[in-house]
Amino acid sequence: MAKNCITEQAAQRQRDIEQGLLALMHTKQYEEITVSELCKELKMPRRTFYRYFNDKKDVLDSLILHTLQEYSATNVGINIDEMERYFAFWMEKRSLLDALQRSGLSSTILDCALHLDQIEKNNDLLAFQSDLDGMRDAIFLFANSGMTALVIAWHHSGFPTTPAQMARIASRVLTQPLFKYAKEMPGS
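Owing to the predicted nature of the structure, the values given are computational and were not obtained by experimental measurement.

Next up on the list: the overall build of the protein chain. A tally of regular secondary structure across the protein chain gives nine helices and zero strands. In the protein chain, the succession of helices and strands from N to C terminus is α-α-α-α-α-α-α-α-α. Split into buried and exposed, the 188 residues of the protein chain put 40% on the buried side. Within the structure as shown, the protein chain displays about 10,800 Å² of accessible surface, and the carbon and sulfur contribution to it stands at 54%.

A few words on the packing of aromatic side chains. Enumeration over the complete set of coordinates arrives at eight aromatic pairs. Arranged with centres 5.3 Å apart and planes meeting at 55°, the rings of Tyr 71 and Phe 89 form a pair that is tilted. Placement of the pair is Tyr 71 in helix H4 (residues 56-72) and Phe 89 in helix H5 (residues 80-92), with a sequence separation of 18 residues. Accessibility expressed as a relative area gives 9% for Tyr 71, which makes it buried. Where Tyr 86 meets Phe 87, the ring centres are 5.6 Å apart and the plane angle is 80°; that geometry is what we call edge-to-face. The burial state of Tyr 86 is the same as that of Phe 87; both residues are buried.

Turning our eyes to something else, we now look at the nonpolar core. Counting 42 residues, the largest nonpolar core has Phe 49 and Trp 90 as the members making the most contacts within it. In contact with Trp 90, not counting residues within four places along its chain, are Thr 67, Leu 68, Leu 96, Leu 97, Ile 109, Val 151 and Phe 159.

A positive phi angle, close to 55°, is found at Lys 43, a residue other than glycine. Within the element layout of this structure, Lys 43 appears in the loop between helix H2 (35-42) and helix H3 (46-52). Positioned with a positive phi, Phe 159 is a non-glycine residue whose angle comes to about 50°. Here Phe 159 lies in the loop between helix H8 (136-156) and helix H9 (163-175). The class for Phe 159 is buried, based on a relative accessible area of 9%.

All of the buried residues in helix H6 (residues 94-102) are Leu 96, Leu 97, Ala 99 and Leu 100. With its buried residues spanning 165° around the axis, H6 presents them on a single face. Downstream of H6 by one or two residues, Gly 104 has phi in the positive range, about 70°.

What counts as what
- Residues numbered from 1 in each chain as written.
- Predicted model: local features only at pLDDT ≥ 70, side-chain atom pairs only at ≥ 80, totals over all residues.
- Heavy atoms only, no water.
- Helix = DSSP H or I, 4+ residues; strand = E, 2+ residues; numbered from the N terminus.
- Buried < 20%, exposed > 50% of the residue type's maximum accessible area, 1.4 Å probe, protein only.
- Areas by Shrake-Rupley, 256 points an atom, 1.4 Å probe, with all protein chains shown as cover.
- Phe/Tyr/Trp six-rings, centres within 6.5 Å; stacked < 30°, edge-to-face > 60°.
- Core = buried A, V, L, I, M, F, W, Y, C linked by side-chain atoms within 4.5 Å.
- Contact = heavy atoms within 4.5 Å.
- Arc of directions from axis to C-beta.

Structure representation (structure tokens):
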């Protein structure tokens, strides 16, 4: 993971390195990119890179985590309007989604989203929080991973629907009985 930054200038330098990796991922597969190449692209010495990150994977994870945190800063809870904002947010982040898909790394978003201890959770995410008795993290994980999986599938199919349509789909998925169609499935 990215190293802790004390100053705003250092934090900005980390973002610059993340954006440099993203730019390179639009021209090359992630696996083909080296730290040396990234440093050359950013016109920075390798020792400066290592001041902020341990390796290239740390940069990618940090880029995704910062993107997830960027969204969570505006999160107001789970409702149809918030779901629409969620899908609109990811449509705006198409550049990142494209780069990850190009390198076969779309699931990296899901992997980062599953690290709850590194993602700021909104205290208002669940109105019935006091009734959960330790289940809040599991419910957040379920909702977050499900919504992230929907974004990945939506992106892979070329964003064929609007964010509003995706919000309605997600809302139906989250409000229908979980195994509603199980008895209709072959082998039931």
